[in-house]
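Next come the chains, spelled out residue by residue.
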Amino acid sequence: QVELVESGGGLVQAGGSLRLSCAASGRTFSSYAMGWFRQAPGKEREFVAAISGRGGSTAYADSVKGRFTISRDNAKNTVYLQMNSLKPEDTAVYYCASPGIVFLVTRPTQYVYWGQGTQVTVSS
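Below or above, wherever it landed, is the structure these notes cover. What you see is a predicted model, and the numbers here were worked out from it, not measured in a lab.

So, the state of the cysteines
Piece 1. Considering all chains together, one arrives at 1 disulfide under this definition.
Piece 2. The side chain of cysteine 22 participates in a disulfide bridge whose partner is cysteine 96; the two sulfur atoms lie 2.1 Å from each other. Between cysteine 22 and cysteine 96, the S-S dihedral sits near -75°, and the bridge is therefore left-handed. Here the residue cysteine 22 occupies a position in strand S3 (residues 18-24), and cysteine 96 occupies one in strand S9 (residues 92-98), the gap between them amounting to 74 residues.

Comments concerning the environment of aspartate 73
Piece 1. Position of aspartate 73 relative to the elements: it lies in strand S7 (residues 68-73).
Piece 2. The exposure class of aspartate 73 is partly exposed, given its relative accessible area of 25%.
Piece 3. In sequence terms aspartate 73 and serine 17 are 56 residues apart; their C-alpha atoms lie 20 Å from each other.
Piece 4. Apart from the residues lying within four places of it in its own chain, the contact partners of aspartate 73 are Phe29, Thr78 and Tyr80.
Piece 5. In this structure the side chain of aspartate 73 is engaged in a polar contact, spanning 3.1 Å, whose partner is the backbone nitrogen of alanine 75.

Looking at the sheet that holds strand S8 (residues 78-83)
Piece 1. With respect to topology, 4 strands assemble into an open sheet ordered S1-S3-S8-S7, the strand pairing being antiparallel. Edge positions in the sheet fall to strand S1 (4-7) and S7, since each of these pairs with one other strand and no more. Looking at each pair of strands side by side, their axes are set apart by 15° on average, direction ignored.
Piece 2. The pairing of S1 with S3 spans 4 bridges and is classified as antiparallel. The residue of S3 that forms the bridge with leucine 4 is alanine 24.

Examining a nonpolar patch on the surface
Piece 1. On the surface, a nonpolar cluster with roughly 280 Å² of combined accessible area is contributed by Ile101, Val102 and Phe103.
Piece 2. By relative accessible area, which is 39% here, isoleucine 101 ends up partly exposed.

Observations regarding the pattern of salt bridges
Piece 1. This model, assessed by the stated rule, comprises 4 salt bridges.
Piece 2. The shortest N-O distance in the salt bridge between arginine 38 and glutamate 46 comes to 2.6 Å.
Piece 3. Given the relative accessible area of 6%, arginine 38 is considered buried.
Piece 4. For aspartate 90, the salt bridge identified is with arginine 38, shortest N-O distance 2.9 Å.

Rules used in this analysis
Sequence order as written defines the numbering, with residues in each chain counted from 1. Residue-level local features of this predicted model are given only where pLDDT is at least 70; pairs of side-chain atoms are given and counted only at 80 or more, and the full residue set underlies all totals for whole chains, interfaces and linings. As a rule here, side-chain values come from all non-hydrogen atoms in the structure, and water together with hydrogens is ignored. Disulfide: a pair of cysteine sulfur atoms within 2.5 Å of each other. Secondary structure elements are taken from DSSP: a helix is a run of H or I of four residues or more, a strand is a run of E of two residues or more, and numbering for both begins at the N terminus. For every residue, the accessible area obtained with a 1.4 Å probe (protein chains only) is divided by the maximum for its type, and the residue is called buried under 20%, exposed over 50%, and partly exposed between those limits. Any two residues whose heavy atoms approach within 4.5 Å are treated as being in contact. Within 3.5 Å is the distance limit for a polar contact, defined as a pair of N or O atoms, with the added protein rule that one can donate a hydrogen and the other accept it, and that residues adjacent in sequence qualify only through two side-chain atoms. Any two strands between which DSSP finds at least two bridges are classified as paired. The angle between two axes is taken between their N-to-C directions and runs from 0 to 180 degrees, where each axis is a line fitted to C-alpha atoms and a helix contributes only its stretch in contact. Two distance rules govern patches: like charges are joined within 9 Å, and nonpolar side chains (Val, Leu, Ile, Met, Phe, Trp, Tyr) within 5 Å, applied only to residues with over 30% relative accessible area and no salt bridge. Here the accessible surface of atoms and residues is derived via Shrake-Rupley with a 1.4 Å probe, and residues count as covered only by protein chains that are part of the display. The salt bridge definition used is simple: a Lys or Arg side-chain nitrogen within 4 Å of an Asp or Glu carboxyl oxygen.

Without other data, these values stay purely geometric and don't point to any function.
This is how it looks when you write it as structure tokens:
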């Protein structure tokens with residue numbers, strides 16, 4: 001069992017930056033890939049970024065590539081999402097998740113552990 005708790009969301013102006021953190025419980029953290037998803041009002045949950053268990057592989061949605069960076073610190077059981085050059089269309093609830101396997105995957109249905117989400121609002 002893995003419990004995930006996100007933090008770092010908030011209100012920021014367009015062009016600004018935020019760093020989200022996701023603290024995970026459990027001794028198997030480094031064995032699991034991690035991902036970030038987001039869901040805007042009235043829209044489906046969408047993939048943002050993912051990282052493999054040891055951090056050697058990453059993947060990004062085209063909409064955030066070059067602006068967002070996913071990273072992890074296995075010693076701290078924490079995964080991060082650095083978000084730069086934020087746009088109003090990045091406004092959403094951001095969720096941390098894990099598929100419970102070491103290899104990164106990108107579909108929400110492949111993830112079994114989810115955090116409660118943190119709101120990110122980007123004003124124009």
